[in-house]
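Chain by chain, the residues run as shown.
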Amino acid sequence: MANTDAIVGWKTITFGCHVLEPGSSAKFRTGDWRSQRPVLDKEKCIKCGMCWIFCPDMAYSRTEDGYFEANMEYCKGCGICAHECPKDAITMAPEE
Amino acid sequence: MAKRVGIEVSIALAEAVRLANVDVVAAFPITPQTHIIEHLSESIATGDLDANFIPVESEHAAMSCCCGSSAAGARTFTSSSSQGLMLMSEVLFIPGPLRLPIVMAVANRALSAPISIWNDHQDIMSQRDIGWIQTFAENGQEAFDLTLHAFRVAEDRRVSLPMIVNIDGFILSHVIEPIEILSQEEVDQYLPPFKPVYRLDPRRPITMGPVGIPEVYTEARMAHSEAIKASKRVIIQGWKEFAELFGRQYNPVETYHSEDADILLITMGSISETAMTAIDTMRDKGQKVGLVRIRLWRPFPGPEFRKAVGKVKALAVVDRCLPPGATAGPVGTELRSLFYKVPSAPKIFNFIAGLGGRDVTVKRFEEMVDKTKAYIKKRPKELYEVIGVREK
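These numbers come from a predicted model, not from an experiment.

### Some points on the overall build of chain B
Part 1: Looking only at helices and strands, chain B features 13 helices and 15 strands.
Part 2: For 392 residues, the compact-globule estimate of 2.2 N^0.38 gives 21 Å, and chain B sits close to it at 21 Å.
Part 3: Taking all 392 residues of chain B together, the buried fraction comes to 58%.
Part 4: Within chain B, contacts between residues at least 6 apart in sequence are counted, and of these 80% link residues at least 24 apart.
Part 5: Once the 45 positive and 47 negative side-chain charges of chain B are each reduced to a mean point, those two points are 8 Å apart.

Following this line, the structure appears as structure tokens:
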């Protein structure tokens, strides 16, 4: 794992290893775990938002033109969006 | 003022918990711990103790409830024994690193199989590395005093760690002894209200018990381990202040006729009183024997123990636990490690005795001392020996 935010010493680690800041998991970038990325074919997409509903990491958000786009800093490449898409508009492409 | 009364040790220990004014008791009854929990349940039902009693479905649930209530900032107590402690085991490793100061009394009992409800130390020794502070009481007064001390030390903000008081099942838990029960005013003088370092509060949300990824797990465990080591200072200070207030002084290790002894018996818990009688008998016959009793088991008081044994020739270490396939019993192993390559270290001989409720008599202690004398001259073949075991 390339994430280095968590690197602390035993003398400086929080008491009880507690996380003292609410919602801090947003700072934990999980995108570098990915081996495949979702690619959207806008010709097929009907903007139903199933990808947004099913994404287990809440990586998807709605863009101004009504499509849904995954934030690559959080998308782990699990492929659930591609599996659930009723129009097969999402394909998983190998991560370079 | 304190009152000296004839009382069952379990009830006296429960009285200490009541006087500590706990907020939550979550426990499941198991022999021989039952009387402790029964008495607390009754005290809560009659209104003598203003606390919540959670009648859980298992010991696993008991310790889970304790973790939750302690995390919420409640003074929390539970008690278990033997198979119950085994069922609790998964959760027992959690409050240490999370720094939750739960106090537990363990009425030590053997483990199945074969089924045994009687006393030895196999239950707690199997849970040696759960990361709690652990003390062993010798008698009823000590069981009462150590319980109050446990709340005081566990909840000290410099410590904030869970703590176990071990009492020998039946041999201690069910015996009626004259015990000085402190008054509420006296206990309040010794034990301040619980002010946790952190607690779960919806107005100030924090996360307790997150995942420890490989980058932080070692540091988190090290921090806990160092906290246990550092707690010794507060443990000793807690005993010192107890002595100043109530006149009874406790130390990490206690000695009996150790100064001029050639051989020292090493014990933990209630058999130490029999060991002292054995030493009196042997001293009358001119034998230079003494006793070192370990009261504080975790953190192990290495320097105090070394000082207590001084330049003695040999230690006869008594273990009440037989770990199959190990090089020795847990106390024997601990002490061999402590003295490894120490110049002029005593010879260490390990005796396993008193399993599953078998009495360790004065005669048995004499037997251990006789064997130790022989072993000083001629090293035994085995690294430990089971005392009183029949071959045929």
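On we go from here.
### Considering unusual backbone geometry
Part 1: Cis geometry marks the peptide bond from S112 of chain B to A113 of chain B, where omega comes out at 0°.
Part 2: Structurally, A113 of chain B can be placed in the loop between β5 (103-108) and α6 (122-126).
Part 3: Here the bond from A113 of chain B into P114 of chain B is cis, since omega is -5°, no more than 30 degrees from zero.
Part 4: Assignment of secondary structure puts P114 of chain B in the loop between β5 and α6.
Part 5: The phi dihedral of M58 of chain A falls on the positive side, at around 50°, and the residue is not glycine.
Part 6: As for its position among the elements, M58 of chain A is in the loop between α1 (50-54) and β2 (60-62).

### Side note on the sheet that holds strand β4 (residues 76-80) of chain B
Residue and element names in this part refer to chain B.
Part 1: Strand order in the open sheet formed by seven strands is β3-β2-β4-β5-β7-β6-β12, with mixed pairing between adjacent strands. Two strands in the sheet have a free side with no partner beyond their single neighbour: β3 (52-55) and β12 (296-298). Across the sheet, the mean angle separating the axes of adjacent strands is 20° when strand polarity is ignored.
Part 2: With two bridges connecting them, strand β6 (residues 133-136) and β12 associate as antiparallel partners. What sits directly across from T135, in β12, is L296.

### Observations concerning the interface of chain A and chain B
Part 1: Facing the 16 residues of chain A at the interface are 20 residues of chain B.
Part 2: Overall, the association of chain A and chain B removes approximately 1700 Å² of surface from exposure, summing both partners, and the carbon and sulfur fraction of that is 76%.
Part 3: At the boundary of chain A and chain B, one finds zero salt bridges.
Part 4: Here chain A is connected to chain B by one residue pair in polar contact (both at pLDDT 80 or more).
Part 5: Across the side of chain A that touches chain B, the residue classes tally to twelve nonpolar, four polar and no charged.

### Some remarks on the sheet that holds strand β11 (residues 289-294) of chain B
Residue and element names in this part refer to chain B.
Part 1: Reading across the sheet, the six strands line up as β9-β11-β10-β13-β14-β15 and stay open at both edges, with mixed pairing between neighbours. Each of the sheet's edge strands pairs with one partner strand only, and the pair in question is β9 (253-256) and β15 (384-386). The average undirected angle you get between the axes of adjacent strands in this sheet is 25°.
Part 2: Judged from the four bridges that link them, β9 and β11 form a sheet pairing that is antiparallel. Paired with T255 across the strands is V292, a residue of β11.
Part 3: Strands β10 (263-267), β11, β13 (314-319) and β14 (347-352) of the sheet are contacted by helix α12 (residues 330-339), whose axis makes an angle of about 145° with β13.

### Focus: the pattern of salt bridges
Part 1: Considering all chains together, one arrives at 26 salt bridges over all chains under this definition.
Part 2: With a closest N to O distance of 2.6 Å, E95 of chain A and R34 of chain A form a salt bridge. You can see E95 of chain A sitting in the segment after β4 (90-94) and its partner R34 of chain A sitting in the segment before β1 (36-40), a full 61 residues away along the chain.
Part 3: The closest approach of N and O atoms between R248 of chain B and D145 of chain B, which form a salt bridge, is 2.5 Å. Of this pair, R248 of chain B sits in the loop between α9 (214-246) and β9 while D145 of chain B sits in helix α7 (residues 140-155), placing them 103 residues apart in sequence.
Part 4: Relative accessible area serves as the criterion here: at 0%, D145 of chain B is assigned to the buried category.
Part 5: Within this structure, E138, E142, E254, R293 and R295 of chain B form a network of salt bridges that share partners.

### Details of the domain arrangement of chain B
All names here are of chain B.
Part 1: In terms of domains, chain B is made up of domain 1 (3-246) and domain 2 (254-386).
Part 2: Here domain 1 packs against domain 2, burying approximately 2200 Å² in sum over the two surfaces, 57% of which is carbon and sulfur.
Part 3: Viewed at the interface, domain 2 and domain 1 are joined by five salt bridges.
Part 4: Among the salt bridges present, the one from R293 reaches E142, with a minimum N-O distance of 3.2 Å.
Part 5: When residues of the side of domain 1 that touches domain 2 are traced back to their parent elements, those giving at least two are α6, β6, α7 and α9.
Part 6: A breakdown of the residues in the side of domain 1 that touches domain 2 according to their chemical character gives 13 nonpolar, eight polar and eight charged.

### Digging into a nonpolar patch on the surface
Part 1: A cluster of nonpolar residues, W52, I53, F54 and I80 of chain A, forms a patch on the protein surface that exposes about 380 Å² of accessible area.
Part 2: Its location among the elements puts W52 of chain A in helix α1.

### What about the nonpolar core?
Residues and elements named next belong to chain B.
Part 1: Counting residues in each nonpolar core, the largest one holds 53 residues, and the members touching the most others are F77, I133, F144 and I167.
Part 2: When residues of this core are assigned to their parent elements, the largest contribution, eight residues, is made by α7.
Part 3: Those residues within four positions of I167 in sequence are excluded, and the remaining contacts are L13, I36, V106, A107, N108, A137, A143, L172 and S173.

### Digging into the side chain of S116 of chain B
Residue and element names in this part refer to chain B.
Part 1: Along the chain, S116 falls in the loop between β5 and α6.
Part 2: Its relative accessible area of 8% is what places S116 among the buried residues.
Part 3: A distance of 3.1 Å separates a polar side-chain atom of S116 from the backbone nitrogen of W118.
Part 4: Contact partners of S116, with chain neighbours within four places excluded, come to R109, A110 and G356.

Reading the values: rules and limits
Residues numbered from 1 in each chain as written. Chains lettered and ligands numbered in written order. Predicted model: local features only at pLDDT ≥ 70, side-chain atom pairs only at ≥ 80, totals over all residues. Heavy atoms only, no water. Helix = DSSP H or I, 4+ residues; strand = E, 2+ residues; numbered from the N terminus. Rg over C-alpha atoms; globule rule 2.2 N^0.38 Å. Buried < 20%, exposed > 50% of the residue type's maximum accessible area, 1.4 Å probe, protein only. Contact = heavy atoms within 4.5 Å. Lys, Arg positive; Asp, Glu negative; His and termini not counted. Charge placed at Lys NZ, Arg CZ, Asp CG, Glu CD. Pairing = 2+ DSSP bridges. Axes fitted to C-alpha atoms, helices over the stretch in contact; angles between N-to-C directions. Buried area = accessible area lost by both parts, 1.4 Å probe. Salt bridge = Lys/Arg side-chain N within 4 Å of Asp/Glu carboxyl O. Polar contact = N/O pair within 3.5 Å; in protein donor to acceptor, adjacent residues only side chain to side chain. Nonpolar A, V, L, I, M, F, W, Y, C, P; charged D, E, K, R; others polar. Domains from an automatic or database assignment. Patch = residues over 30% accessible without salt bridge, like charges linked within 9 Å, V, L, I, M, F, W, Y side chains within 5 Å. Areas by Shrake-Rupley, 256 points an atom, 1.4 Å probe, with all protein chains shown as cover. Core = buried A, V, L, I, M, F, W, Y, C linked by side-chain atoms within 4.5 Å.

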